[in-house]
Amino acid sequence: MTVTRAPARSAPVTSRPGLAAARLLRLELRHNAMLWMMPVAVALFWVTAERKIMATPPLWSLRAAGLQPDAVLAFASPVAGAAAWMGSRESRRRTTDLVNITARPRPVRLLATWAATTCWALVAYLVCVAVVYAVTAQQATWGGPLWWPAVVAAASLPAVSALGFAAGTLVPSRFTAPLVTIAAFFVLALSTQLINGSQSYWQISPVVAAPWDIGPDPGAGTFYPYQPDLPIAQVMFLTGLTVAVLGALTLSTGAGARSLRRSAVAVTAAGLLAAGTAVALAGTGRLDRHGMIAIPALHDAASDRPLRYTPVCSHTAIPVCLNPAYASYLPATAAALAPTLDQIAGLPGAPARISQAAVTYRQGPGNSVGFGLAGLPLSGVPPVFHLLLPVELPGPAVTTTEQASQVRSIIGPSIIASVTGDGPGASQAQHAVTTALLMAARAVPSHLLPPGTPTAGNSVPGPPPVAGTDGEPYVGAAPGSPAYAAAQRFAALPAAARRGWLVRHLAALRAGRLSLGQLP
Amino acid sequence: MNVEITGLTRRFGRTMAVAAVDLQAGPGVFGLLGPNGAGKTSLLRVMATAIPPTSGRLRLLGRDPRGSGPRREIRRRLGYLPQNLGYYRGFTVAEFVEYFALLKEMPSARIPLAVAAAVDRVGLADQSRARLRTLSGGMLRRVGIAQAIVNEPELLLLDEPTAGLDPEQRMTFRALLRDLGQHATIVVSTHLVEDVGAACARVALMDRGKIIFHGTPGDLTARGEGHGTGDAPLERGYSAVLAAARP
């Protein structure tokens with residue numbers, strides 16, 4: 001130690017609170033537990049979320065909706081744990097007396113520590129979002145990033161951090177951080193267990209990115225604008241929760257001045273009000289026909305209008321046109337449908353175009369949801385056949401090969417049936433002609449083949465059970481029935497003879513005026 | 001008077017840590033002596049505004065610390081070194097002192113120079129970038145002193161400041177105390193009587209929560225002439241006063 005004169009007190013220098021706060025934050029940023037937890041959080045995201053998200057089709061809606069819950073679950077535990085650890089720092093390091101007798105109010109000091117923890121969490125999260133969105137931007141063929149899901153996940157981090165920090169501050173112990181880490185995961189993961197239907201208060205959970213019963217709708221942002229109703233409520237809830245927790249923490253840590261206490265009470269009340277309002281709003285949500293949650297008080301009717309887009313079309317006998325967001329599926333879809341389309345191209349009443357449509361949803365009782373096409377598959381002048389790609393439908397993800405197979409086995413028969421007028425209540429002749437055309441196109445669903453028939457080359461796998469009226473398999477002529485025998489005879493005719501007969505008799509066939517015996 | 005205490009009492013449950021203490025202290029170094037458990041640390045914590053008194057009157061730097069505004073003003077002008085210094089292991093010496101400069105609401109522009117000066121005064125200029133976890137106990141004690149003096153306090157409260165310091169550092173520290181005491185009120189709690197004799201202008205002796213002696217080190221020495229036990233005159237005075245106060 002040296003006995004040197006301290007610098008003489010100069011004239012008072014005006015303190016700049018902003019600069020002091022920035023210096024305090026810089027110190028806290030340098031020495032924050034979240035800095036060490038960042039690799040853990042990013043690794044968790046990489047292992048549990050990134051690959052899962054990237055396995056979904058390159059549609060912005062699916063990637064964004066996958067990002068939100070997975071990022072929240074991956075980051076919540078490390079962030080909550082780090083925040084609890086930092087919150088208990090003064091007690092663990094026995095600096096409570098030393099820092100409590102300083103002039104800066106304790107809440108301000110704690111806020112700096114919390115802010116540093118949250119900043120690092122957000123930095124790590126934003127890096128992950130940037131990677132997911134950058135890769136998606138390279139893969140997606142149409143549309144742009146959906147920011148609301150990313151914002152919800154971002155807003156959840158300050159809230160989780162505030163809750164963890166409050167736990168660490170109020171219950172300072174070495175065990176608080178690990179317990180908070182575990183609790184954060186289970187609370188979030190279990191928060192969706194009580195969701196029942198689309199009108200559930202529990203939808204406010206940040207791990208809910210879409211109607212919980214059906215998952216994210218690929219049509220959001222492709223056929224219809226993304227509805228931010230639920231995300232707005234979630235951000236409101238999370239912001240309110242953050243503010244309320246920080247306000248309550250200020251009160252509980254003995255805010256000094258009366259004005260500070262009053263402010264803390266006001267902030268806590270405002271936060272609780274915002275969070276409560278958001279929960280109430282989420283409870284009024286309902287599944288809209290586009291597969292998103294609409295909250296009447298927040299809903300913008302203008303966003304119900306369909307998006308304008310220029311479809312991408314194939315050069316098949318009948319063009320197959322898809323939404324440009326699904327352009328990567330066009331070659332496989334067109335190839336799967338081409339043999340079928342060759343059979344009906346140019347026939348009277350045959351569709352001029354096969355056009356992809358959006359899925360329409362309907363909330364049923366409880367958790368049940370109905371979905372399908374909004375109208376008839378074949379409509380308009382000239383007639384257009386509207387198809388739903390399997391990748392659009394709720395359910396497990398499908399590969400391109402599976403998708404092509406399902407297109408051949410479900411959509412191909414449906415297109416032919418729409419031309420022959422086949423369907424429930426149709427005549428035996430209609431069943432026979434439809435089945436014959438499928439045989440000629442070598443696209444007979446396996447359930448229409450006689451038992452023991454090898455399937456390779458001349459048929460497609462039987463359709464999987466798909467819910468909804470538009471995904472049901474074509475029934476057709478059962479093997480062994482007279483209609484099936486007639487179908488085999490008709491399929492065996494030369495293509496020109498078949499076409500000639502169809503040109504002459506299709507109108508009568510569609511009207512149900514032909515019997516099996518009148519088929520060639 | 002920078003410290004005015006009248007009838008101050010502090011209880012912890014049934015334990016009376018500080019019992020109706022009266023004390024005044026102006027600029028200079030004031031020694032607070034006493035055996036373990038005498039109530040020195042409790043009295044210092046009350047004076048540091050770390051804990052409120054149970055009863056009695058306390059004025060620091062001419063202000064009543066019960067009001068939040070005056071208390072904040074007092075804290076801006078206060079330096080405190082607790083008996084058990086807690087610290088953040090990852091901070092460097094300079095960062096730790098800067099942290100407290102910021103918490104003491106020092107003007108931002110003054111902080112870099114003040115930190116450097118405080119670190120230099122405790123002889124840690126060469127270790128200013130060393131992490132606290134790498135320092136010895138004595139060095140940590142000096143870091144604690146640096147954070148206490150970084151704001152050039154008008155009231156400096158030091159609880160066992162020389163614990164862990166080697167004899168050379170202790171002598172230098174006493175010189176530092178004398179220097180600081182020219183402008184500020186310094187209250188040093190210690191059980192090492194030689195620290196008091198070397199640095200303090202006035203001294204109080206506490207036992208069982210009460211002040212049983214208040215005067216100069218010379219007065220205390222005089223009380224030990226022909227009485228008490230100890231190797232040094234001041235120690236004999238210390239033990240004589242204690243013996244007289246105990247039944």
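Student: What's the story with the sheet that holds strand 3 (residues 28-33) of chain B in this structure? I'm lost.
Tutor: Hydrogen bonds between backbone groups are what pair the strands of a sheet, and the pairing can be parallel or antiparallel. Residues and elements named next belong to chain B. Ordered in space as 5-6-7-3-8-9, the six strands form an open sheet in which the pairing is mixed. Here the strands that pair on one side only, and so sit at the sheet edges, are strand 5 (78-81) and strand 9 (210-215). Going from strand to strand, the sheet's axes swing by 15° on average, the running direction of each strand aside. The sheet contact formed by strand 6 (residues 155-159) and strand 7 (residues 185-190) spans five bridges and is parallel. Across the sheet, Asp159 pairs through a bridge with Ser189, a residue of strand 7.

Student: Looking at this structure, how should I read the pairing of strand 6 of chain B?
Tutor: Remark: a regular strand shows side chains that alternate across the two faces of the sheet. Residue and element names in this part refer to chain B. Within strand 6, five of the five residues are buried, leaving the element largely enclosed by the surrounding structure. Every second residue of strand 6 is oriented toward a common face, with Leu155, Leu157 and Asp159 on one face and Leu156 and Leu158 on the other, all of them buried. Pairing analysis gives four bridges linking strand 5 to strand 6, with the strands arranged parallel. Looking at the pairing, Leu78 lines up with Leu155 of strand 6. In this fold, the crossover linking strand 6 to strand 7 by way of helix 6 (residues 167-180) has right-handed handedness.

Student: Looking at this structure, I do not really get the domain arrangement of chain B. What am I missing?
Tutor: Interfaces are often sized by the amount of accessible area the parts lose when they come together. Residue and element names in this part refer to chain B. Here the domain parsing of chain B yields domain 1 (1-77 + 155-247) and domain 2 (84-152). Spacing between the C-alpha centres of domain 1 and domain 2 amounts to 24 Å. Across the boundary between the two partners, domain 1 contributes twelve residues, which contact ten residues of domain 2. Looking at the side of domain 1 that touches domain 2, the elements that each hand over two or more residues are strand 6 and helix 6. Ranked by residue count, the leading element in the side of domain 1 that touches domain 2 is helix 6, at four residues.

Student: Where do I start with the environment of B:Gly31 in this structure?
Tutor: Residues and elements named next belong to chain B. Inspection of the secondary structure puts Gly31 in strand 3. Under the C-beta neighbour-count criterion, Gly31 is labelled buried, with 26 such atoms within 10 Å. Each C-alpha atom of the pair Gly31 and Pro217 lies 8.9 Å from the other, and the pair is 186 residues apart in sequence. Filtering out sequence-adjacent residues up to four positions away, Gly31 remains in contact with Val188, Thr190, Val196, Cys200 and Val203.

Student: Before we go on, may I ask you to explain the domain arrangement of chain A in this structure?
Tutor: Residues and elements named next belong to chain A. Taken as a whole, chain A is organised into domain 1 (20-304) and domain 2 (312-518). Every contact between the two is made by 26 residues of domain 1 and, on the other side, 17 residues of domain 2. Each residue belonging to the side of domain 1 that touches domain 2 can be placed in one class, and the counts come to eleven nonpolar, eleven polar and four charged.

Student: Explanation requested: the interface of chain B and chain A in the structure shown.
Tutor: Contacts between chain B and chain A engage 44 residues on the former and 32 residues on the latter. Classifying every residue of the side of chain B that touches chain A by side-chain character gives 20 nonpolar, ten polar and 14 charged.

Student: How should I be thinking about the nonpolar core in this particular structure?
Tutor: Soluble globular proteins tend to pack their nonpolar side chains together in the buried interior. Residues A:Phe75, A:Val79 and B:Val97 are the most contacted members of the largest nonpolar core, which totals 233 residues. The biggest single contributor to this core is helix 3 (residues 60-87) of chain A, with 18 residues. Once you skip the residues sitting within four places of it in the chain, A:Phe75 turns out to touch A:Ala41, A:Phe45, A:Ala121, A:Tyr125 and A:Leu157.

Cut-offs applied
- Residues numbered from 1 in each chain as written.
- Chains lettered and ligands numbered in written order.
- Predicted model: local features only at pLDDT ≥ 70, side-chain atom pairs only at ≥ 80, totals over all residues.
- Pairing = 2+ DSSP bridges.
- Helix = DSSP H or I, 4+ residues; strand = E, 2+ residues; numbered from the N terminus.
- Axes fitted to C-alpha atoms, helices over the stretch in contact; angles between N-to-C directions.
- Buried ≥ 20, exposed ≤ 12 C-beta atoms within 10 Å, placed from the backbone.
- Right-handed = clockwise from strand over helix to strand, strands pointing away.
- Domains from an automatic or database assignment.
- Contact = placed C-beta atoms within 7 Å.
- Nonpolar A, V, L, I, M, F, W, Y, C, P; charged D, E, K, R; others polar.
- Core = buried A, V, L, I, M, F, W, Y, C linked by C-beta atoms within 7 Å.

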